[in-house]
Amino acid sequence: MPRGYRDRADDSLLTLLGDLPELVTKLVKAEIDAAKAWISKTAKDAGIGSVWFLVALFFLFWAVPVILVFAIAGLSSWWPVWLSALAVFGILIVAVLLFALLGILKFRKLLKRQNPAQAVAEDIRIVKEAGDDQF
């Protein structure tokens, strides 16, 4: 028998009805605790995902002057300067893509979580199905 559960098959109707307020109270408290945990974890992951996007924007911000230096150097000198500017620009774009990907992955993880409203709806569905099975 799983921990915390007992067989109620032999309990009387009055015993079951007497236990109902306690069970509902425990369920409400558990759902509130689950909502608090979900909000806390969601806020943390949203903050981390936002930081990754800010890092990506930081690198993108510095990529703009690099492409301008690339254009100027490419026009004024043929090989060494513009080739190095192009390499720096490529590295910055790779960094932007990497940090943006990290942010997207964090937000996808965030969106896959079951929120408390979904948990309550699932509990209601289970109770309705259990009630339908008895009749």
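It should be emphasised that the depicted structure is a prediction, and the values quoted were computed from it without experimental measurement.

What counts and how
- Residues numbered from 1 in each chain as written.
- Predicted model: local features only at pLDDT ≥ 70, side-chain atom pairs only at ≥ 80, totals over all residues.
- Heavy atoms only, no water.
- Helix = DSSP H or I, 4+ residues; strand = E, 2+ residues; numbered from the N terminus.
- Contact = heavy atoms within 4.5 Å.
- Areas by Shrake-Rupley, 256 points an atom, 1.4 Å probe, with all protein chains shown as cover.
- Phe/Tyr/Trp six-rings, centres within 6.5 Å; stacked < 30°, edge-to-face > 60°.
- Buried < 20%, exposed > 50% of the residue type's maximum accessible area, 1.4 Å probe, protein only.
- Salt bridge = Lys/Arg side-chain N within 4 Å of Asp/Glu carboxyl O.
- Patch = residues over 30% accessible without salt bridge, like charges linked within 9 Å, V, L, I, M, F, W, Y side chains within 5 Å.
- pLDDT = per-residue confidence, 0-100.

**Here's the deal with the overall build of the protein**
Then, number 1: What the protein contains, in helices and strands, is 3 helices and 0 strands.
Then, number 2: Helices and strands in the protein line up, N terminus first, as α-α-α.
Then, number 3: Sequence separation of 24 or more characterises 72% of the internal contacts of the protein that already satisfy a separation of 6 or more.
Then, number 4: Looking at the protein as shown, the accessible area adds up to about 10,600 Å², and 73% of this sits on carbon and sulfur atoms.

**Some words on the side chain of Thr 42**
Then, number 1: Within the fold, Thr 42 resides in helix 1 (residues 13-76).
Then, number 2: Beyond its immediate sequence surroundings of up to four residues, Thr 42 is in contact with Leu 110 and Arg 113.

**A word on the packing of aromatic side chains**
Then, number 1: What the rule picks out here adds up to 6 aromatic pairs.
Then, number 2: Ring geometry for Phe 58 and Phe 59: centres 5.6 Å apart, planes at 75°, overall edge-to-face.
Then, number 3: For the ring pair Phe 58 and Trp 62, a centre distance of 6.4 Å and an interplane angle of 70° mean the geometry is edge-to-face. Note that Phe 58 and Trp 62 are positioned in helix 1 at a spacing of 4 residues, about one turn of the helix.
Then, number 4: Take Phe 58: its relative accessible area is 47%, and that puts it in the partly exposed class.

**Description of the side chain of Asp 45**
Then, number 1: With respect to the helices, strands and loops of the structure, Asp 45 is situated in helix 1.
Then, number 2: Those residues in contact with Asp 45 that sit more than four places away from it in its chain are Lys 106, Leu 110 and Arg 113.

**Notes on the pattern of salt bridges**
A side chain with one charge can pair with a side chain of the opposite charge if their charged atoms come near.
Then, number 1: If you walk through the whole model with that rule in mind, you get 3 salt bridges.
Then, number 2: Between Lys 106 and Asp 45 there is a salt bridge; the shortest N-O distance is 3.7 Å. Of the two residues, Lys 106 is situated in helix 2 (residues 80-112) and Asp 45 in helix 1; the sequence distance between them amounts to 61 residues.
Then, number 3: Here Lys 106 falls in the buried class, since its relative accessible area comes to 18%.
Then, number 4: Residue Asp 45 is classed as buried on the basis of its relative accessible area, which comes to 5%.
Then, number 5: Between Glu 122 and Arg 125 there is a salt bridge, with its nearest N and O atoms 2.4 Å apart. Pair noted here: Glu 122 and Arg 125 are both in helix 3 (residues 116-134), with a separation of 3 residues, about one helical turn.

**Structural notes on a nonpolar patch on the surface**
Then, number 1: A surface patch of nonpolar side chains, about 690 Å² in accessible area, is lined by Leu 13, Leu 14, Leu 17, Leu 20, Val 24, Val 28 and Ile 32.
Then, number 2: Inspection of the secondary structure puts Leu 13 in helix 1.

**With respect to the environment of Ile 104**
Then, number 1: As for its placement among the helices and strands, Ile 104 is situated in helix 2.
Then, number 2: Taking relative accessible area as the criterion, Ile 104 reaches 38% and is therefore assigned partly exposed.
Then, number 3: Once the C-alpha coordinates of Ile 104 and Trp 52 are considered, the two residues, 52 residues apart in sequence, prove to be 8.8 Å apart.

**Considerations on the confidence of the model for the protein**
Then, number 1: Confidence along the protein averages 81 in pLDDT terms, with 86% of residues attaining 70 or more.
Then, number 2: When pLDDT is averaged over each element of the protein, helix 1 comes out on top at 85 and helix 3 at the bottom at 77.

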